[in-house]
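Secondary and tertiary structure notes
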Amino acid sequence: MRTIRILLLAAGTALAGYGGWLLWPQLPYAAGWLIAGPVLHDALAAPLVGLAGLALGRVLPDRVWRRWVAAGLAITATLLLIAVPLVWRPHPAPPNPGLQDRDYTTGLAIWLTALWTGVLAGAVVSRWRERRAAARIDR
Amino acid sequence: MKASLPRPEAFHSPAHTPTVSARLGLWLGVAFGLCFLTGLASHYAQHPPAWFSWPTRPVSLYRITQGVHVLSGIAAIPLLLAKLWSVYPRLFIRPPRRPPALVATHTAERLSILILLCAAFFELVSGLFNVAQSYPWRFFFIETHYAVAWVAVGALAVHIAVKLPVTRSAFAERPDPDRRAFLRTAWAASTVAVLATAGVTVPWLRRVSALAWRSNGGPQGIPVNRTAAAAGIRVPNDWRLEISWPGATHALSLADLAALPQRTATLPIACVEGWSATAAWTGVAVKDLLAAVGAPTDRPVRVASLEKAGLYATSTLPAAHVADPLTLLALGVNGEILSPDHGYPCRIIAPSRPGVLQTKWVTRLELLR
């Protein structure tokens, strides 16, 4: 394993170095975008997730409900993130037939409705199953 | 009150454990690996080095590799966020003060992770904005996305080298129900993200994928990336297709082209942005066309468009594509004459090529070497 690790370390450093060399001419324009990801995540996104988790624990003390709602929130956030460039286009290319000619807001609303219906149904069903299993053990 | 940063022990979510991190890391590694390999393939298909040749079969090869590229990137978005949440407490580990060797390795590891994260976020965000053709930045997308891909894959290899022992013991342990629930959520978010977008390239998902950046819209049922108006195309009345090779030049009118034997080929047009659509293209096989004017058919051909500016005003058909009977100089699509936005009077459509190289508004074919 030691050999594999040393090889990976050497190859990784070389590849990243090659990338850095390729990146050099664009670095002044890209630097802000490169550092923005980790900074926004560590200082904003992750603390928000933590706070949301704490709040969820207070509002939904039931473990089964908490799991389902947490999953619903995570999937909702994913869909919203992916939709950002579709609904926000600061410097778009010239108009292209077939590109972004859909109503993304409505589509997203339909997906979220379906998602939360599923979350609700899933939570109710697994709560019921858990209760039934508990009752069987009691008997 | 004195505000202070939390300590790693302050985090209690079941996600914060190596058994979860290692599994998410593996999935993420697969997604990034697919992204890197398919991205490299696309880069080489567009800028082939001397030792490389992109195959002409299967005809959908580029459609598949580029579809995988874009969808594995989409799948990686929730996986990356879940993985980072799982290791978030480690951000608050207090750095050691001594001995110097420990300080140095700690700093080096932190730095390598920072580089990995910068690169990973950058690739996913810039790729996502690029497929929507939204450019809120000043760097040149193609060059920068390509360069940072090498940084990402290199930093990932370093990260794997550092974490290998932890990962191995993490896989030996089976996660408890709460941790499995977290992993299932990450998996579900990734699947949903793919389903919501895969319609750009998977026809039967077109109606389901609400966040697909492409529809079936566009003239003649095929989307258009660059319109004739955007490219500033005006087809002159005396338009001729010029075919040249050392020692000879030939000019054909549109009527001459239409008089040659016509072929119809059902081929996908697949864009670097991951969308693709299949159409029935009709025209003269490039091979037949060259033979008809007495030109050699075994050489690469430089295709020039009426478009003056633009990165893709010319393309080079490799010899393998020139020799392929399915490579057409198309005059029509889906039973109609090509619309101006699809390249009237004629365009190149070849099997298994990036859409940007399927040159429209063709005016000259120049045989190389």
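Residues numbered from 1 in each chain as written. Chains lettered and ligands numbered in written order. Predicted model: local features only at pLDDT ≥ 70, side-chain atom pairs only at ≥ 80, totals over all residues. Heavy atoms only, no water.

1. Overview of the packing of aromatic side chains
Tallying each qualifying case throughout the model produces 23 aromatic pairs over all chains. Plain terms: the ring middles of tyrosine 135 of chain B and tryptophan 137 of chain B are 5.8 Å apart, the flat faces sit at 70° to each other, and that makes the pair edge-to-face. Tryptophan 137 of chain B gets classed as buried once you look at its relative accessible area, which sits at 9%. Between tryptophan 137 of chain B and phenylalanine 141 of chain B, the ring centres sit 6.1 Å apart and the planes meet at 20°, which makes this aromatic pair stacked. Given the relative accessible area of 13%, phenylalanine 141 of chain B is considered buried. Members of the aromatic cluster, each reached through a chain of ring pairs, are Trp33 and Trp88 of chain A together with Phe122, Phe129, Tyr135, Trp137, Phe139 and Phe141 of chain B. (Phe/Tyr/Trp six-rings, centres within 6.5 Å; stacked < 30°, edge-to-face > 60°. Buried < 20%, exposed > 50% of the residue type's maximum accessible area, 1.4 Å probe, protein only.)

2. Here we look at the confidence of the model for chain B
A residue-level look at chain B finds 99% of positions with pLDDT of 70 or above and a mean pLDDT of 94. We note a pTM of 0.94 for the whole complex and an ipTM of 0.94 for its interfaces. (pLDDT = per-residue confidence, 0-100.)

3. Some thoughts on the UniProt feature "domain: Oxidoreductase molybdopterin-binding" (unreviewed entry) in chain B
When the UniProt feature table is mapped onto this chain, "domain: Oxidoreductase molybdopterin-binding" (unreviewed entry) is found at residues 236-368 of chain B. Here residues 236-368 of chain B runs as 14% helix and 41% strand, with 26 Å between its end C-alpha atoms. (UniProt positions renumbered as here; feature names shortened; annotations may be inferred. Helix = DSSP H or I, 4+ residues; strand = E, 2+ residues; numbered from the N terminus.)

4. Section: the nonpolar core
Ranked by size, the top nonpolar core spans 64 residues in total, and within it Leu79 of chain A together with Leu24, Leu211 and Trp281 of chain B carry the most contacts. Top element by residues in this core is helix H2 (residues 61-87) of chain B. It accounts for nine residues. For this core, the domains that each give at least three residues are domain 1 (8-208) and domain 2 (226-367) of chain B. When residues no more than four places from it in sequence are discounted, the contact partners of leucine 79 of chain A are Leu108, Trp111 and Leu112 of chain A together with Val192, Ala196 and Leu211 of chain B. Core analysis: the next-biggest nonpolar cluster, separate from the first, contains 30 residues, Trp245, Val284, Val322 and Leu365 of chain B among them. (Core = buried A, V, L, I, M, F, W, Y, C linked by side-chain atoms within 4.5 Å. Domains from an automatic or database assignment. Contact = heavy atoms within 4.5 Å.)

5. Notes on unusual backbone geometry
Among all residues except glycine, the phi angle is most often negative; among peptide bonds, the trans geometry is most common. Residue and element names in this part refer to chain B. For the bond from arginine 98 to proline 99, the omega torsion is -5°, close enough to zero to count as cis. Here proline 99 lies in the loop between H2 and helix H3 (100-131). Backbone geometry places glutamine 133, a non-glycine residue, at a positive phi of 50°. Summarising the element assignment, glutamine 133 is placed in the loop between H3 and helix H4 (141-172). With phi around 60°, glutamine 220 is a residue other than glycine that occupies positive phi space. By the secondary structure assignment, glutamine 220 is in the loop between helix H5 (177-197) and helix H6 (228-231). Given the relative accessible area of 16%, glutamine 220 is considered buried.

6. Side note on the pattern of salt bridges
Taken as a whole, this structure holds 10 salt bridges over all chains when the rule is applied. Between arginine 67 of chain A and aspartate 178 of chain B there is a salt bridge, with its nearest N and O atoms 3.0 Å apart. Of this pair, arginine 67 of chain A sits in helix H3 (residues 63-87) while aspartate 178 of chain B sits in helix H5, placing the two residues on different chains. Here arginine 226 of chain B makes a salt bridge to glutamate 307 of chain B, at a shortest N to O gap of 2.6 Å. Separated by 81 residues along the polypeptide, arginine 226 of chain B in the loop between H5 and H6 and glutamate 307 of chain B in the loop between strand S5 (301-305) and strand S6 (314-317) bring together distant segments of the chain. By relative accessible area, arginine 226 of chain B is classed as partly exposed at 33%. With a relative accessible area of 8%, glutamate 307 of chain B lands in the buried category. Put simply, Asp62, Arg127 and Glu130 of chain A are held in one network by salt bridges that share partners. (Salt bridge = Lys/Arg side-chain N within 4 Å of Asp/Glu carboxyl O.)

7. Here we look at the interface of chain B and chain A
Listed as interface residues are 74 residues of chain B and, on the opposing side, 60 residues of chain A. Linking chain B with chain A are two salt bridges. The partner of arginine 63 of chain A in a salt bridge is aspartate 178 of chain B, with the nearest N and O atoms 3.3 Å apart. For the side of chain B that touches chain A, the secondary structure elements donating two or more residues are H2, H3, H4 and H5 of chain B. Looking at which element gives the most residues to the side of chain B that touches chain A, the answer is H4 of chain B, with 18 residues. When grouped by side-chain class, the residues that make up the side of chain B that touches chain A number 54 nonpolar, 12 polar and eight charged. (Nonpolar A, V, L, I, M, F, W, Y, C, P; charged D, E, K, R; others polar.)

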